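Residues per chain are reported as follows:
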Amino acid sequence: MKRMSSLAYHFGIRLRFYPSSKQKKLIKLNYDAQRFVYNSYVGRNRSSYHAKCYFLVKQSKAMPFAFSILNRYETKLAETVVANNELLAKPKNIRDAYSFLRIKEIDSLALANAIQNYHKAWNNYRKIGYGIPTFHKKRSDWAYQTNCQYIKQDEAYLNNGTAKFIDAKHVKLPKLGVVRIAGLRKLIKERLFKHIPTRIGTVTLKKTAEDQFYLSMQSGSDLAFVKELPKTQNQIGIDLNLDNFLTNSNGAMVANPHFYRQAEKKLAHAQRVLSRRQRRAKKARRNLRTAKNYQKQRLIVAKLHDRIRRQREDFLQVLSTALIKNHDLVVAEELRSKNLLKNHALSQAISDVGWRKFLNMLAYKGRLYGKEFITIDPKYTTQRCHACGTIMGHNGYKKLKLKDREWTCPICHTYHIRDWNAAVNILQKGLGSWQNPKKQAT
Ligand SMILES: [Zn+2]
């Protein structure tokens with residue numbers, strides 16, 4: 001049987017499900033266990049690090065003859081480091097060390113996933129240079145991952161793994177047993193009933209802050225999940241900007257729907273009520289988790305946030321599908337959000353519009369429907385005249401400023417709308433029809 005990564009097509013399945021109260025408790029238990037494991041890794045790694053720093057400082061300050069003499073505190077420190085290293089050496093060690101992690105209700109794969117996520121977080125940090133793994137707080141939304149395993153089967157289907165579809169209404173999950181699910185997508189239903197080989201990979205169980213339960217499954221197959229869309233012979237470049245959501249190379253604009261700003265007043269009010277109730281509960285020394293009015297209000301706030309999230313999601317889905325459907329090639333600029341996000345005023349707007357999510361959608365929809373989506377380096381895309389290739393800011397031409405929304409090329413006298421021109425440049429760069437700007441300039 002093929003591994004998940006060697007399958008040709010991948011597809012995400014997301015389903016709402018309705019656990020019983022007993023199953024809810026099991027989900028909470030596994031979420032807590034997963035968090036415990038993750039936090040143990042973070043904590044032990046931290047204490048080892050601090051010990052190391054302590055000894056380094058001591059070494060540099062102390063007199064040479066004092067090296068070998070450790071006081072009681074230091075001996076203890078050195079022992080902790082040894083214990084930490086031992087525990088972190090092998091994934092199974094943590095289960096051996098804590099007996100409560102070995103009870104049968106806890107999914108061992110959930111613990112393994114916690115360790116994997118911890119290592120992933122470190123790898124991410126090494127790649128992008130920020131975001132050291134920190135402790136996971138206890139939250140009102142829960143999630144944990146497990147895996148669907150196929151033991152001794154020749155071929156993987158939607159209904160023969162450890163996580164499997166029983167019919168269109170029920171799924172069996174490891175440790176939880178059978179849960180009822182809300183409607184299944186036609187595409188998945190067909191796969192299930194026609195018995196098309198499909199492998200299920202990671203399964204994530206989630207409870208949202210507004211107390212709804214969702215199941216996400218990765219699935220993979222060698223047979224395409226959807227038919228490729230017909231070719232249209234159209235190509236398009238898109239420029240993402242803050243005035244509007246995007247401008248395309250045909251000059252059309254899509255306005256920026258400020259969902260967050262629209263709901264801001266309502267949200268601000270609800271949040272004020274929430275923090276007031278929090279203060280009151282604290283004053284009366286009540287636990288927040290059992291403070292009824294606080295919890296009621298928390299749900300209201302969560303629902304408001306959820307509504308904004310859904311509106312945004314829907315907007316991005318519709319727009320990205322339309323772009324992929326109507327074009328064979330879509331070109332966009334790479335986002336360098338780390339630089340952009342340094343500017344705090346911009347960061348709110350950027351997180352509101354969700355460009356990164358949008359580009360991810362374009363990428364996977366392009367793959368799914370047999371279309372091409374590429375991103376290019378945004379260098380000079382704004383400053384270049386798409387008609388003659390002159391680059392503003394070079395050879396004595398004044399660089400365009402952010403406020404220059406419209407301009408005329410000093411060489412070929414073409415009148416440009418800034419974002420439209422940028423979108424055309426992006427498309428041209430994607431098609432490889434840019435000449436070297438330096439050669440062009442001389
Ligand atoms: Zn020009």
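Residues numbered from 1 in each chain as written. Predicted model: local features only at pLDDT ≥ 70, side-chain atom pairs only at ≥ 80, totals over all residues.

- If you check an unreviewed UniProt entry, the protein chain appears there as RNA-guided endonuclease TnpB family protein from Lactobacillus kefiranofaciens.

**Notes on the overall build of the protein chain**
Link 1 in the chain: Broken down by element type, the protein chain carries 12 helices and 14 strands.
Link 2 in the chain: Principal-axis analysis of the C-alpha atoms gives the protein chain an extent of 80 × 75 × 55 Å.
Link 3 in the chain: Counting only residues that meet the buried cut, the protein chain has 23% of its 442 residues in that class. (Helix = DSSP H or I, 4+ residues; strand = E, 2+ residues; numbered from the N terminus. Buried ≥ 20, exposed ≤ 12 C-beta atoms within 10 Å, placed from the backbone.)

**Let's talk about the pairing of strand 8 (residues 235-240)**
Link 1 in the chain: The element strand 8 is extensively covered by neighbouring structure, given that five of its six residues are classed as buried.
Link 2 in the chain: Where strand 8 and strand 11 (residues 329-333) come together, four bridges link them in parallel fashion. Across the sheet, residue I238 finds its bridge partner in strand 11, namely A332.
Link 3 in the chain: Where strand 8 meets strand 9 (residues 246-248), three bridges bridge the pair, whose relative direction is antiparallel. Each residue of the ladder has a partner; that of D239, found in strand 9, is T247.
Link 4 in the chain: Between the end of strand 8 and the start of strand 9, which pair antiparallel, lie five residues. (Pairing = 2+ DSSP bridges.)

**Considerations on the sheet that holds strand 11**
Link 1 in the chain: Read across the sheet, five strands follow the order 10-9-8-11-12 without closing on themselves; strand pairing throughout is mixed. Looking at strand neighbours, the two that pair on one side only are strand 10 (253-254) and strand 12 (372-376), the edges of this open sheet.
Link 2 in the chain: Running at roughly 140° to strand 12, helix 10 (residues 355-369) makes contact with strand 8, strand 11 and strand 12 of the sheet.
Link 3 in the chain: The strands that helix 11 (residues 418-431) touches are strand 8, strand 9, strand 11 and strand 12; relative to strand 8, the one it contacts most, it runs at about 130°. (Contact = placed C-beta atoms within 7 Å. Axes fitted to C-alpha atoms, helices over the stretch in contact; angles between N-to-C directions.)

**Examining the packing of helix 6 (residues 259-283) against helix 7 (residues 292-326)**
Link 1 in the chain: Between helix 6 and helix 7, whose axes approach to 9 Å, the crossing angle comes to 160°. Relative to helix 7, helix 6 is oriented roughly antiparallel. The two elements helix 6 and helix 7 cross, and the hand of that crossing is left-handed. Of the residues in helix 7, those touching helix 6 at F259, Y260, A263, K266, L267, A270, Q271, V273, L274, R277, Q278 and A281 are N293, Y294, Q297, R298, I300, V301, L304, I308, Q311 and R312.
Link 2 in the chain: Looking at side-chain class alone, the contact of helix 6 with helix 7 contains 13 nonpolar, five polar and four charged residues. (Parallel < 35°, antiparallel > 145°, perpendicular 65-115°, else oblique. Left-handed = near helix turned anticlockwise from the far one by under 90°. Nonpolar A, V, L, I, M, F, W, Y, C, P; charged D, E, K, R; others polar.)

**Focus: the pairing of strand 3 (residues 164-167)**
Link 1 in the chain: As defined by bridge partners, strand 3 adjoins strand 4 (residues 170-173) across three bridges and the pair is classed as antiparallel. Across the sheet, the residue bridging to D167 is H170, located in strand 4.
Link 2 in the chain: If you look at the hairpin formed by strand 3 and strand 4, you'll find two residues sitting between the two strands.

**Focus: the sheet that holds strand 2 (residues 142-147)**
Link 1 in the chain: Strand order in the open sheet formed by seven strands is 2-6-7-1-5-4-3, with antiparallel pairing between adjacent strands. The open sheet has two edge strands with one neighbour each: strand 2 and strand 3. Direction aside, neighbouring strands of the sheet carry axes that sit 35° apart on average.
Link 2 in the chain: Pairing of strand 1 (residues 9-18) with strand 5 (residues 177-181), which is carried by two bridges, proceeds in the antiparallel orientation. Counted as the bridge partner of F17 is I181 from strand 5.
Link 3 in the chain: The sheet strands contacting helix 1 (residues 21-61) are strand 2, strand 5 and strand 6 (199-207), and the helix crosses strand 2 at an angle near 85°.

**Digging into unusual backbone geometry**
Link 1 in the chain: Even without being glycine, H195 reaches a positive phi, approximately 60°.
Link 2 in the chain: Structurally, H195 can be placed in the loop between helix 5 (186-193) and strand 6.
Link 3 in the chain: For H195, a count of 12 C-beta atoms within 10 Å gives the class exposed.
Link 4 in the chain: Phi at Y380 is positive, roughly 65°, even though this residue is not glycine.
Link 5 in the chain: Looking at the secondary structure, you find Y380 in the loop between strand 12 and strand 13 (406-408).

**A look at helix 6**
Link 1 in the chain: Taking 1.5 Å per residue as the helical rise, helix 6 with its 25 residues ought to reach 36 Å, and the 35 Å between its terminal C-alpha atoms agrees with that figure.
Link 2 in the chain: Of all the bends in helix 6, the greatest measures close to 50° and is centred on K265. (Expected span 1.5 Å × (residues − 1). Bend = angle between axes of the 7 residues up to and from the residue.)

**Things to note about the environment of K76**
Link 1 in the chain: Position of K76 among the secondary structure elements: in helix 2 (residues 72-89).
Link 2 in the chain: Classification of K76 as exposed rests on a count of 11 C-beta atoms within 10 Å.

**Observations concerning the nonpolar core**
Link 1 in the chain: In terms of nonpolar packing, the biggest core is built from 29 residues, with V37, A110, A114, V171, L173, I200 and V203 touching the most fellow members.
Link 2 in the chain: For this core, the elements supplying multiple residues, two or more each, are helix 1, helix 4 (108-128), strand 2, strand 4, strand 5, strand 6 and strand 7 (213-221).
Link 3 in the chain: Setting aside anything within four residues of it in sequence, one finds V37 in contact with I94, L111, A114 and I115.
Link 4 in the chain: If you look at the next biggest cluster of nonpolar residues, it comprises 24 residues, including L323, V330, W355 and V424. (Core = buried A, V, L, I, M, F, W, Y, C linked by C-beta atoms within 7 Å.)

**Regarding the UniProt feature "coiled-coil region" (unreviewed entry) in the protein chain**
Link 1 in the chain: Annotation from UniProt places "coiled-coil region" (unreviewed entry) at residues 260-287.
Link 2 in the chain: Within the segment residues 260-287, helix and strand shares are 86% and 0% respectively, and the terminal C-alpha atoms sit 31 Å apart. (UniProt positions renumbered as here; feature names shortened; annotations may be inferred.)

**What about helix 10?**
Link 1 in the chain: Look at helix 10: 21 Å from first C-alpha to last across 15 residues, which is about the 21 Å you get at 1.5 Å a residue.
Link 2 in the chain: When we look at burial in helix 10, the residues that qualify are W355, F358, L359, M361, L362, K365 and G366. Buried residues of helix 10, viewed axially, fall in a sector of 155°; they line one side.
Link 3 in the chain: At the exit of helix 10 stands G370, carrying a positive phi of roughly 70°. (Arc of directions from axis to C-beta.)

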